[in-house]
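Descriptive analysis of the structure
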Amino acid sequence: MLRLLPGLEFSAGGHYDSNSFLVNQSWADYGVKVTWNLFNVLSAPAAIKVAKAGEDVAAARRQAMSMAVLAQLYVANANYNEAARQFRASEELAALDGQIAEQLRNRYQTQNIGELELIQGELNNLQTQLKRDLSYAELRNAYAQLYVSSGTDLLPDTLPDSTLATIASALQNSEERWAQ
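Here goes a summary of the coordinates provided.

The rules behind these values
- Residues numbered from 1 in each chain as written.
- Predicted model: local features only at pLDDT ≥ 70, side-chain atom pairs only at ≥ 80, totals over all residues.
- Heavy atoms only, no water.
- Core = buried A, V, L, I, M, F, W, Y, C linked by side-chain atoms within 4.5 Å.
- Buried < 20%, exposed > 50% of the residue type's maximum accessible area, 1.4 Å probe, protein only.
- Helix = DSSP H or I, 4+ residues; strand = E, 2+ residues; numbered from the N terminus.
- Contact = heavy atoms within 4.5 Å.
- Pairing = 2+ DSSP bridges.
- Phe/Tyr/Trp six-rings, centres within 6.5 Å; stacked < 30°, edge-to-face > 60°.
- Salt bridge = Lys/Arg side-chain N within 4 Å of Asp/Glu carboxyl O.

What about the nonpolar core?
Side chains that are nonpolar tend, in soluble globular proteins, to be buried together. In this structure, Ala83, Ala84, Phe87, Leu139 and Ala142 together form the largest nonpolar core, which totals five residues. For this core, the elements supplying multiple residues, two or more each, are α2 (44–109) and α3 (115–150). No other element matches α2, which puts three residues into this core. Sequence-distant contacts of alanine 83, that is, excluding residues within four places in its chain, are made with Glu138, Leu139 and Ala142.

Brief notes about the pairing of strand β1 (residues 7–16)
Within a regular strand, the side chains alternate between the two sheet faces. β1 sits mainly on the outside: zero of its 10 residues count as buried. Relative to strand β2 (residues 26–35), β1 runs antiparallel, the two sharing 10 bridges. Note on β2: the bridge partner recorded for glycine 14 is alanine 28.

Digging into the packing of aromatic side chains
Taken as a whole and judged by the stated rule, the model has three aromatic pairs. Both rings, one in tyrosine 143 and one in tyrosine 147, keep their centres 5.1 Å apart while their planes meet at 90 degrees; by these two values the pair is edge-to-face. You can see tyrosine 143 and its partner tyrosine 147 sitting in helix α3, four residues apart, about one turn around the helix. Put simply, the rings of Tyr80, Tyr143 and Tyr147 pair up and form one aromatic cluster.

Some points on the pattern of salt bridges
In total, this model carries five salt bridges according to the counting rule given. Of the charged contacts in the structure, one is a salt bridge between arginine 85 and glutamate 82, with a shortest N-O distance of 2.5 Å. Taken together, the positions of arginine 85 and glutamate 82, both in helix α2 and three residues apart, correspond to about one turn of that helix. The partner of arginine 140 in a salt bridge is glutamate 175, with the nearest N and O atoms 3.2 Å apart. One end of the pair, arginine 140, is in helix α3; the other, glutamate 175, is in helix α4 (residues 164–179), and 35 residues separate them in sequence. Under the relative-accessibility criterion, arginine 140 is labelled partly exposed at 35%. The structure contains a network of salt bridges with shared partners spanning Glu102, Arg105 and Glu122.

What follows is the structure, encoded as structure tokens:
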């Protein structure tokens, strides 16, 4: 829009000439120049349309960014709910396998089963405990992704030291403040 307005230039200058035949060997000049490009006037409607289109594009970009953030939050929440469901299932399975392993130990002591069956039952129990621990790690990862998606950084800017206990305490305090 500013290009459509006339241009205005101010000039000032001091001059000197060593020619001794001149009446004045030094002089100053001042000037004002007004310019106006008629082509800019003729292209004004198109320029106005382009400016309005640019505003519409900027609004669409802001809306798209907002939708992307909301979609990211929605996906992070869905991932968290699924990870929580899988953790509960793996926790129940680990508890059942623990009971089965206990029964196998009792049967081995009464010599109703062989050592190979006991070892196989213990290995199954260890495997389900490992799966439970992995699903817990996925649950914590999905929980952290919720914070990241919302733009929250739970770790404070400064810590007294970088030990694991200090970081864990700082994160726990931040989570408690966030929950309030």
